[in-house]
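Here's the letter readout for the chains.
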Amino acid sequence: VRLGLPPRVRGRSRALLELGQLADRARLGAGVTLRAVLLEALPLDAERAAEARVWMAFWSMAVTRPALRGVQSAAYREWRRLVDRMLAAAVRHGEVAAHLDPGSVGEQLMCLVDGLLLEATLEPERLPATRQIQLLDNALAGLAPPRRKR
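What counts and how
- Residues numbered from 1 in each chain as written.
- Predicted model: local features only at pLDDT ≥ 70, side-chain atom pairs only at ≥ 80, totals over all residues.
- Heavy atoms only, no water.
- Helix = DSSP H or I, 4+ residues; strand = E, 2+ residues; numbered from the N terminus.
- Areas by Shrake-Rupley, 256 points an atom, 1.4 Å probe, with all protein chains shown as cover.
- Salt bridge = Lys/Arg side-chain N within 4 Å of Asp/Glu carboxyl O.
- Buried < 20%, exposed > 50% of the residue type's maximum accessible area, 1.4 Å probe, protein only.
- Axes fitted to C-alpha atoms, helices over the stretch in contact; angles between N-to-C directions.
- Left-handed = near helix turned anticlockwise from the far one by under 90°.
- Contact = heavy atoms within 4.5 Å.
- Nonpolar A, V, L, I, M, F, W, Y, C, P; charged D, E, K, R; others polar.
- Phe/Tyr/Trp six-rings, centres within 6.5 Å; stacked < 30°, edge-to-face > 60°.

### Some remarks on the overall build of the protein chain
Here is step 1: Helix and strand content of the protein chain: six helices and zero strands.
Here is step 2: Entry remark: accessible area of the protein chain is about 9,100 Å², with carbon and sulfur atoms responsible for 56%.

### Structural notes on the pattern of salt bridges
Here is step 1: Scanning all chains against the criterion turns up five salt bridges.
Here is step 2: A salt bridge links Arg 35 to Asp 137, with the nearest nitrogen and oxygen atoms 2.6 Å apart. Of this pair, Arg 35 sits in helix α2 (residues 30-40) while Asp 137 sits in helix α6 (residues 129-141), and the two are 102 residues apart along the sequence.
Here is step 3: Residue classification places Asp 137 among the partly exposed residues on the basis of a relative accessible area of 26%.

### Focus: the packing of α2 against α6
Here is step 1: Axis separation between α2 and α6 bottoms out at 11 Å; the angle between their running directions is 145 degrees. In this structure, the crossing between α2 and α6 has a hand that is right-handed. Contacts between α2 and α6 involve Leu 34, Arg 35, Leu 38 and Leu 39 on the former and, on the latter, Ile 133, Leu 136, Asp 137 and Leu 140.
Here is step 2: Here the residues of the contact of α2 with α6 are counted per class, giving six nonpolar, no polar and two charged.

### Quick notes on the packing of aromatic side chains
Here is step 1: Overall, the coordinates contain two aromatic pairs when judged by the stated rule.
Here is step 2: Judged by centre distance (6.3 Å) and plane angle (85 degrees), the rings of Trp 55 and Phe 58 are edge-to-face. Linking Trp 55 with Phe 58, this pair stays in helix α3 (residues 46-64), spanning three residues, or about one helical turn. Summarising the burial analysis for this pair, Trp 55 and Phe 58 share the class buried.
Here is step 3: Connected via pairs of aromatic rings, a cluster forms that spans Trp 55, Phe 58 and Trp 59.

### Describing the environment of Ala 62
Here is step 1: Mapped onto the elements, Ala 62 comes out in helix α3.
Here is step 2: The spatial distance from the C-alpha of Ala 62 to the C-alpha of Ser 73 is 9.4 Å, given a sequence separation of eleven residues.

See below:
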């Protein structure tokens, strides 16, 4: 028996990582890429809402099963590395304030995405796609460097 993420969710995770890598190689704006990857992880449509339910079921099993917890930890390490790389690139390109720590900010963004995923899955009427996007965009806007006075 192979323990791990369901194929559909494993595929989405791989796609998120590949999206980040492709955007990095194509030299797209780091902030735009980060936003796209974070949005892709939210339950904004029926397909992603179904995947969110699978994630939540997997998380509940990983809490009590060490082997699944290891799979979860490995997946999150990859996810953290991707987000950290994108944030570091955004700092280098002046899209995120230089005084911010990419590791801490990345963790905050991941917690926001996880919280939105959980809340929007449990109460989709309260957190429709437009509200999820608005909340993520507000968080990302707060990372911008201060505007210079002319």
